[in-house]
Amino acid sequence: MQAVVITGTGLYTPENAISNEELVRAFNVFIDDYHLKNAEKITSGEMQSLQKSSAEFIESRSGIKSRFVVDKSGILDPDRLCPSLPERANGDKSLQCEISVNAAEEA
């Protein structure tokens, strides 16, 4: 039986980073829009008001100051607040596969 040996490791880090300040700006714009769109329902008690956030709140609860992301624009868009990753054809490499290949090449 052959012995298996790990001869290297690799790590993929996306090139885009988002600070807590950037994330909070986008989130708080979302909150402002939510309050404008739902003002009557919030006033009548049908819907609850949402609280804004701060960079300090995020760091105190999570310890995170910034994060690396594949898609920065979708996450910082107050109308999305999540990555905007295009669909790929079944025959194309998945995003996870691309990330794995990059990490393997680094190893």
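Just above, that's the structure.
Residues numbered from 1 in each chain as written. Predicted model: local features only at pLDDT ≥ 70, side-chain atom pairs only at ≥ 80, totals over all residues. Heavy atoms only, no water.

Points about the environment of L76
Position of L76 relative to the elements: it lies in the loop between α4 (72-75) and α5 (95-106). Here the alpha-carbon distance between L76 and I18, two residues 58 residues apart in the chain, equals 8.5 Å. Residues in contact with L76, not counting those within four places in the same chain, are I18, E22, L23 and A26. (Helix = DSSP H or I, 4+ residues; strand = E, 2+ residues; numbered from the N terminus. Contact = heavy atoms within 4.5 Å.)

What to know about the environment of A89
Inspection of the secondary structure assignment puts A89 in the loop between α4 and α5. By relative accessible area, which is 47% here, A89 ends up partly exposed. Once the C-alpha coordinates of A89 and G10 are considered, the two residues, 79 residues apart in sequence, prove to be 27 Å apart. (Buried < 20%, exposed > 50% of the residue type's maximum accessible area, 1.4 Å probe, protein only.)

Quick notes on the packing of helix α1 (residues 20-37) against helix α3 (residues 55-62)
A pair of packed helices is characterised by two quantities: the angle between their axes and the separation of those axes. Orientation of α1 relative to α3, taken along the N-to-C sense of each, is 120°, at an axis distance of 8 Å. Taken together, the axis directions place α1 and α3 in an arrangement best described as oblique. Here α1 and α3 pass one another in a crossing that is right-handed. Seen from α1, the contacting residues are N20, E21, L23 and V24; seen from α3, they are A55, I58 and E59. (Axes fitted to C-alpha atoms, helices over the stretch in contact; angles between N-to-C directions. Parallel < 35°, antiparallel > 145°, perpendicular 65-115°, else oblique. Left-handed = near helix turned anticlockwise from the far one by under 90°.)

Re the side chain of N38
The residue N38 is located in the loop between α1 and α2 (39-44) in this model. Judged by its relative accessible area of 17%, N38 is buried. Among the polar contacts listed, one links the side chain of N38 to the backbone oxygen of Y34, at a separation of 2.9 Å. (Polar contact = N/O pair within 3.5 Å; in protein donor to acceptor, adjacent residues only side chain to side chain.)

What about the packing of aromatic side chains?
By the definition in use, this model includes 2 aromatic pairs. For the ring pair F27 and F30, a centre distance of 6.2 Å and an interplane angle of 35° mean the geometry is tilted. Residue F27 and its partner F30 are both found in helix α1; the two are separated by 3 residues, about one turn of the helix. Seen in terms of ring centroids, F30 and Y34 are 6.4 Å apart; in terms of plane orientation they differ by 35°. Their pairing is tilted. In this pair, F30 and Y34 both sit in helix α1, 4 residues apart, roughly one turn of the helix. An aromatic cluster is present here, built from F27, F30 and Y34 joined pairwise through their rings. (Phe/Tyr/Trp six-rings, centres within 6.5 Å; stacked < 30°, edge-to-face > 60°.)

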